[in-house]
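In case you want the letters, here they are:
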Amino acid sequence: MRRPRTKLAIGVAALLSFLVLAGSWSLASMIAAGHPSAVAPVPPPARNVTLTARDGIVVAGTYWPGRRRDAPAVLLLHGVGASRDQTAPMAKALVAQGYAALAIDLRGHGASTITDHSYGLDEGLDARAAFDWLKARQDGAKVAVVGVSLGGAAALIGRDGAVPADAMVLVAVFPDIRHAIYNRMAAVLTPVGGTLAEPLLSFQSLPRYGVWPGRIAPLAAIRDYRGPVFVIGGAEDRYTPPAETRALHEAAPNRRGLWLVPGLSHGDVSNLHDAEWARRVGGFLRGTIGTP
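Heads up: these notes are all about the structure in this document.

Thresholds applied
- Residues numbered from 1 in each chain as written.
- Predicted model: local features only at pLDDT ≥ 70, side-chain atom pairs only at ≥ 80, totals over all residues.
- Heavy atoms only, no water.
- Helix = DSSP H or I, 4+ residues; strand = E, 2+ residues; numbered from the N terminus.
- Rg over C-alpha atoms; globule rule 2.2 N^0.38 Å.
- Buried < 20%, exposed > 50% of the residue type's maximum accessible area, 1.4 Å probe, protein only.
- Expected span 1.5 Å × (residues − 1).
- Bend = angle between axes of the 7 residues up to and from the residue.
- Polar contact = N/O pair within 3.5 Å; in protein donor to acceptor, adjacent residues only side chain to side chain.
- Core = buried A, V, L, I, M, F, W, Y, C linked by side-chain atoms within 4.5 Å.
- Contact = heavy atoms within 4.5 Å.

**Focus on the overall build of the chain**
Part 1: Counting its regular elements, the chain contains 10 helices and eight strands.
Part 2: Computed over C-alpha atoms, the radius of gyration of the chain comes to 21 Å, within 12% of the 19 Å expected from 2.2 N^0.38 for 292 residues, which places it in the range of a compact globule.
Part 3: Considered along the principal axes of its C-alpha atoms, the chain spans approximately 85 × 35 × 30 Å.
Part 4: A burial count over the chain gives 52% of its 292 residues as buried.

Here you go:
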């Protein structure tokens, strides 16, 4: 009688394992799925532009001219599930200070080609195409990047390496994919649920993107970035907690600044563009890429 029971137990365990793996794969597919969204029109002198990433992905963007033809410029990269609508108010605040600006829809978002998200790997190709276009458009003037969450990861961990920006502003950027997934799952499933779910989701990076989870790590990538960095986070952010924001700041090897905004969650700080934001970010840019 023992052998049939053993076979039954093995069969049940195998079935449960299959269901767990299939369920986690389906969940990750839902999370990573891209979706188009309408983007609000922006009046002149802003204009829409269309770029092409190295792998053929079409990237939609909006360009604002600066105070002069060769004004220093800022590339703005939005967070996951958003579009350049999220960063347009930031761009306008910086354009008012004289900078040129380019905000794009990362792949899988807005009016760009719709693909699955890759947490910064492939999105980095979009960021690089936009950076190169903006650098040429400004006749070689200095160009900074403002990257929000996914956008900040794209600036650092793209498949071609970090964008060679003259300065970076990183807003609510996760340290690595494993912490990012754990924090989000723990917020929904409790810490125990987050601990169980995280590896089931994180290690899908290998079959999905061809890399181990350790490759999707802005915290590791920033150690090799030599430009000045200004790190912004929310003091009440559960997805990228203050300790992780501080760690990202401390890992930057050269000039760096930190602003933990009291009372703000991940979504709040990702959409921040008030007068204090403009003052702090504008001051950082004037000290790094120059005054327009």
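Picking up where we left off.
**Overview of helix α5 (residues 177–202)**
Part 1: An ideal rise of 1.5 Å per residue puts 38 Å on 26 residues; α5 reaches only 7 Å between its terminal C-alpha atoms.
Part 2: At Leu189, α5 shows its strongest bend, of approximately 135 degrees, with the proline Pro191 following within four residues.
Part 3: Within α5, the full set of buried residues consists of Ile177, Ala180, Ile181, Asn183, Met185, Ala186, Gly193, Gly194, Ala197, Glu198, Leu201 and Ser202.
Part 4: The opening residue of α5, the one whose side-chain oxygen lies 3.0 Å from the backbone nitrogen of Arg178, is Asp176.

**Examining the nonpolar core**
Part 1: In this structure, Leu75 and Leu102 are the most contacted members of the largest nonpolar core, which totals 52 residues.
Part 2: At six residues, α5 tops the list of elements feeding residues into this core.
Part 3: Apart from the residues lying within four places of it in its own chain, the contact partners of Leu75 are Leu102, Ile104, Ala127, Ala130, Phe131, Leu134, Val143, Ala144, Val145 and Val146.
Part 4: Residues Val146, Phe230, Trp277 and Ile289 belong to the second largest nonpolar core, which totals 32 residues.

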